[in-house]
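Tertiary structure, described
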Amino acid sequence: CGFAQTRRPAQKKAAAATPPPATQWPIQTLAVEGNHTYTSGQVLAVAGLKTGQMAGKPEFEAARDRLIVSGAFETVGYKFEPGPGGTGYVASFQITEVAPVYPVELEDLGVPDADVAALLHGKDPLFSMARIPATKPVLDRYVGWIQEYLASKGGTDKIVARVVSTAPDRFAILIRPA
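In this text, all values refer to a predicted model and were calculated from it rather than measured experimentally. (Residues numbered from 1 in each chain as written. Predicted model: local features only at pLDDT ≥ 70, side-chain atom pairs only at ≥ 80, totals over all residues. Heavy atoms only, no water.)

Below, the discussion takes up the pattern of salt bridges. Within the structure shown, the criterion is met by six salt bridges. Salt-bridge contacts for arginine 64 lead to aspartate 65; the nearest nitrogen and oxygen are separated by 3.2 Å. What makes aspartate 65 partly exposed here is its relative accessible area of 37%. Among the salt bridges present, the one from arginine 141 reaches aspartate 124, with a minimum N-O distance of 3.7 Å. Remark: aspartate 124 occurs in the loop between helix 3 (113-123) and strand 7 (132-133) and arginine 141 occurs in helix 4 (residues 136-152); sequence separation between them is 17 residues. Members of the salt-bridge network, linked through shared partners, are Glu61, Arg64 and Asp65. (Salt bridge = Lys/Arg side-chain N within 4 Å of Asp/Glu carboxyl O. Buried < 20%, exposed > 50% of the residue type's maximum accessible area, 1.4 Å probe, protein only. Helix = DSSP H or I, 4+ residues; strand = E, 2+ residues; numbered from the N terminus.)

Right, here's the structure in full:
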């Protein structure tokens, strides 16, 4: 003779009310290390992060990517760690700037140089007539913006940018019609 076994329905345990660990914290401080040509403010403007902002690894990765695609930096890294009191991050970007940089000369664009300089400075916090890196991303971006601006004024010339010798051992980036 066998014993009959009865099964009780399994009781569900109450889910723990523990929230998932936070993946974002406020940025308490932001610093830039390795900058010589650009101010920390210029670098952080391109990075797009600000103190007080909620951020985690995805936001820092995106900021690093923005700095890399700017064409002004050879290397970009970042670090963040809990700040005093454990209520936010103390963060920094470690950069190596592209060198050398050259002054910009504008020639025969058909609009005042000051207007073109203001346009470029308004679009890129790193822009300065005194110094820009001669990288393809930088020059292509500036030529594109100038081309659009001139087209809005009725201009049809194709614009080019290239490094030219201005004197022995002196170079500049010349932006002009092709």
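Here we come to the packing of aromatic side chains. Throughout the structure, instances matching the rule amount to ten aromatic pairs. Between tyrosine 38 and phenylalanine 73 the ring centres are 5.8 Å apart and the planes differ by 65°, which places this aromatic pair in the edge-to-face class. With tyrosine 38 in the loop between strand 1 (25-33) and helix 1 (40-47) and phenylalanine 73 in strand 3 (residues 73-82), this residue pair connects regions lying 35 residues apart in the sequence. Since its relative accessible area comes to 3%, tyrosine 38 is described here as buried. Look at tyrosine 102 and phenylalanine 171: their rings are 6.3 Å apart centre to centre, the planes differ by 70°, and that puts the pair in the edge-to-face class. Taken together, the residues span a long stretch of sequence, with tyrosine 102 in strand 5 (residues 101-102) and phenylalanine 171 in strand 9 (residues 170-177) at a distance of 69 residues. Put simply, the rings of Phe60, Tyr78, Phe80, Tyr89 and Phe93 touch in pairs and so form one group of aromatic residues. (Phe/Tyr/Trp six-rings, centres within 6.5 Å; stacked < 30°, edge-to-face > 60°.)

Quick look at the sheet that holds strand 1 now. Pairing is mixed across the open sheet formed by four strands, whose spatial order is 2-1-4-3. Because the sheet does not close on itself, it has two edges, and the strands there are strand 2 (54-55) and strand 3. As paired strands, strand 1 and strand 2 are joined by two bridges and run antiparallel to one another. Looking at strand 2, one finds that proline 26 is bridged to methionine 54. Together, strand 1, strand 3 and strand 4 (89-97) form the strand contacts of helix 1, whose direction differs from that of strand 1 by roughly 130°. Strands strand 1, strand 2, strand 3 and strand 4 of the sheet are contacted by helix 2 (residues 57-69), whose axis makes an angle of about 160° with strand 3. (Pairing = 2+ DSSP bridges. Contact = heavy atoms within 4.5 Å. Axes fitted to C-alpha atoms, helices over the stretch in contact; angles between N-to-C directions.)

For lysine 57, the location among the structural elements is in helix 2. Separated by 22 residues in sequence, lysine 57 and lysine 79 have C-alpha atoms that sit 9.6 Å apart. Discounting residues that sit within four places of it in the chain, lysine 57 has contacts with Thr23, Tyr78 and Phe80.

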